[in-house]
There are 2 protein chains.
Amino acid sequence: MLPTPCEVTWDDGAMELDEVIRRRRMVRRYEADEAVPDDVLRRLLEYAARAPSAGFSQGWDFVVLTEAADRAAFWAATTPPGEEPDSWLSGLMTAPVLVLCCSDKERYLDRYAEPDKGVTDRDEGFWPVPYWDIDTGMAALLILLGAVDAGLGSCFFGIPVGRHEAVHETLAIPPDRRLVGVVSVGYPAQDRRSPSLKRGRRPAEEIVHWGRFGAASPPTPEAL
Amino acid sequence: MLPTPCEVTWDDGAMELDEVIRRRRMVRRYEADEAVPDDVLRRLLEYAARAPSAGFSQGWDFVVLTEAADRAAFWAATTPPGEEPDSWLSGLMTAPVLVLCCSDKERYLDRYAEPDKGVTDRDEGFWPVPYWDIDTGMAALLILLGAVDAGLGSCFFGIPVGRHEAVHETLAIPPDRRLVGVVSVGYPAQDRRSPSLKRGRRPAEEIVHWGRFGAASPPTPEAL
C-alpha cells in the first residue's frame, strides 16, 4: 500500500492563475492507458511557445513522444546499457506523453548578431547567464501550468550528464541543441508524495530581501 | 508622439491561466507615480517561491527595491561610471518596483550532497544544466504571470556581464549568488511595441517535432 496518497484533487475546467500556481506540483505516476487528448497536448505546446525569450529569439525545440515505441526508445537511452532504470523512474515511465525541451544557443547568438543588437562576433562572453536554457525552462513551466489547468499531471526532470549523447542519437537531436529537461504529461495516478517536500517551503523572510540583500524588514508604508 | 501604442487592455480581476499566458508580454514603461500595492507585491513574491526546483532546493533570493533611492542606486550600478544609461533603459527606469532574482548554486550542491541524493562530493559535473539558474528563471516567470493577473505590467531583463559586480556590491549581494535577471513591475504606461516582435512567432511546425527531431508530421490519431 502506498503510504501517503496525494491529497490534490483535480479539475477539468479552466482555472484561474492563482489556483493553478498553488495546485502545481510534480506528478511522478500516471494512468498509463489514459491518453492526453490531442487538442490539449497542442494547447500545452502553444503555451510553451509563448514563453518569453531574449530578443524574441525563441531558441527552443520540443520533441514530443506520444507513441509507446518512441517513449521506450527514450527511456532505454537514458539508462546505461546492461543496467536497470533507476527505481524512481518507474512512475515517470507510465507517462503517455513526454516533451523533450531543447535549447538552441546558436539561434540566440545569431539573433544578437543582428544590427539592432550588434554582437556581430557572436561572442558568448556577452551572455552573463545562459538565457537559452532559462527561456526553455520557462517554456517547460508553461507546460506544467497548462497541465494543471487541463486536469492533467506533469513533471519536469533532467537527464543525467552521461546520457545526453545517447538520447540525442536516439531521437536525432542535433548536437548543438541542449536537452534542458523533459516534461512528462498524463492523468495523475495515486502516488506517494515526494520525500523532498518534507523539507518544507522556505519562508518569505528568508528569501525576500527589502532594499538590499539581508534586509528582512518590510519597507515602510510610505515607500509603497 | 509614440508611434504605435500598445493594443493590450488590462484587467484588474483574477484571470484564467489561458488568458494570462496569451496576454503576457514585456512592458518596458510604467506609470512612475502609481505604486504597486503591498499585498499585490507580496502575492507576486509568493508565486515566485512556488516555482519548481530540483530536489526542492529552492536556491533563490529576491532583492526587492521599492524605494526610489534604492532603485536609483541599482540603475547607477548597471551603468559604467561616466556613461549615460542605455536609451532603452529610460522606460524601464520608470518602474516603481524591481525584483532582482538571484540563484544560489551552493544550496543545490548542498541539497544533492544529502543521503537521498548522494552527490556527497558536491561535484558540479553532476549537473548537465545549471538548474539553479533555470529554476530561478521559472520563479521570475511566475512574477511576470502574476503581474498580468493583477493588471500590472512587468519585464524580465538581464544585467550586462561587466556590471554584475557593481550591482552585487551596491546591494550587498553575496558573491556566490548569480543575478539571473531582474523583473520590473508597475502599472503600464503607453509605449511602443518592442521592435523584436516584428520577427513574429515561430510556427509550431518549426519548433514541435513528433517522435523524433525533424519529424513534422503529427502522430496518427491511434497514437493519441
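Structural notes, computed from the coordinates. Since the model is a prediction, treat every value here as computed from it, not as a measurement. In this convention, every chain numbers its residues from 1, walking through the sequence in written order. The naming scheme follows written order: chains are lettered A onward, ligands numbered 1 onward. Residues qualify for local features only when their pLDDT is at least 70, as the model is predicted, and side-chain atom pairs are given and counted only at 80 or more; totals for whole chains, interfaces and linings, by contrast, use all residues. In computing side-chain properties, one takes all heavy atoms of the structure into account and sets aside hydrogens as well as water.

1. Some remarks on the environment of D121 of chain A
Residues and elements named next belong to chain A. Segments assigned H or I by DSSP are reported as helices when at least four residues long, segments assigned E as strands when at least two residues long, and all are numbered from the N terminus. Among the structural elements, D121 can be located in the loop between α5 (105-112) and α6 (131-149). Partly exposed residues are those whose accessible area sits between 20% and 50% of the maximum for their type, while under 20% is buried and over 50% is exposed, using a 1.4 Å probe and protein chains only. Among the residues examined, D121 registers a relative accessible area of 57% and is labelled exposed. Once the C-alpha coordinates of D121 and L109 are considered, the two residues, twelve residues apart in sequence, prove to be 8.8 Å apart.

2. A short note on the pattern of salt bridges
Salt bridges, as used here, are contacts in which a Lys or Arg side-chain nitrogen is within 4 Å of a carboxyl oxygen on Asp or Glu. Applying the stated criterion to the full structure yields 38 salt bridges over all chains. Ionic pairing is found between R23 of chain B and E19 of chain B, a salt bridge with its closest N-O pair at 3.0 Å. Residue R23 of chain B and its partner E19 of chain B are located together in helix α1 (residues 17-23), separated by four residues, close to a single helical turn. Among the residues examined, R23 of chain B registers a relative accessible area of 17% and is labelled buried. Among the salt bridges present, the one from D104 of chain B reaches R107 of chain B, with a minimum N-O distance of 3.9 Å. We classify D104 of chain B as buried; its relative accessible area is 5%. Owing to a relative accessible area of 26%, R107 of chain B belongs among the partly exposed residues under this scheme. Taken together, the shared-partner salt bridges connect D61, D104, R107, D176 and R177 of chain A together with R202 and E206 of chain B into one network.

3. Digging into the sheet that holds strand β5 (residues 208-210) of chain B
One open sheet holds the five strands; their spatial order is β3(A)-β4(A)-β2(A)-β1(A)-β5(B), and the pairing between them is mixed. Strands at the two margins of the open sheet, each flanked by one partner only, are β3 (153-157) of chain A together with β5 of chain B. Adjacent strand axes in the sheet meet at a mean angle of 20 degrees when their direction is disregarded. At least two DSSP bridges between two strands are required for those strands to pair. Pairing of strand β1 (residues 60-65) of chain A with β5 of chain B involves three bridges; the strand directions are parallel. Looking at the pairing, F62 of chain A lines up with V208 of chain B of β5 of chain B. A fitted line through C-alpha atoms represents every axis, and for helices the fit uses only the stretch in contact; the resulting angles, taken between N-to-C directions, go from 0 to 180 degrees.

4. What about the packing of α6 of chain A against helix α6 (residues 131-149) of chain B?
Between α6 of chain A and α6 of chain B, the least distance of the axes is 8 Å, while the angle of their chain directions is 60 degrees. Taken together, α6 of chain A and α6 of chain B sit at an angle that is classed as oblique. Both α6 of chain A and α6 of chain B take part in a crossing whose hand is right-handed. On the side of α6 of chain A, the interface is formed by D133, I134, G137, M138, A140, L141, L142 and L145 of chain A, while α6 of chain B contributes D133, I134, G137, M138, A140, L141, L142 and L145 of chain B. With respect to orientation, any angle under 35 degrees is reported as roughly parallel, any angle over 145 as roughly antiparallel, any angle of 65 to 115 as roughly perpendicular, and every other angle as oblique. Left-handed describes a crossing whose near helix is turned anticlockwise from the far helix by less than a right angle; the clockwise case is right-handed. A contact between two residues is defined here by any heavy atoms of the two lying within 4.5 Å.

5. With respect to helix α2 (residues 38-49) of chain B
End to end, α2 of chain B covers 17 Å across twelve residues, agreeing with the expected 16 Å (1.5 Å per residue, within 8%). Of the residues making up α2 of chain B, those classed as buried are V40, L41, L44, L45, Y47, A48 and A49 of chain B. A helix is expected to span 1.5 Å multiplied by its residue count minus one.

6. A few points about the side chain of R50 of chain B
By the element assignment, R50 of chain B lies in the loop between α2 and β1 (60-65). When neighbours within four sequence positions are excluded, R50 of chain B is seen to be in contact with I21, R22, R24 and R201 of chain A together with L142 of chain B.

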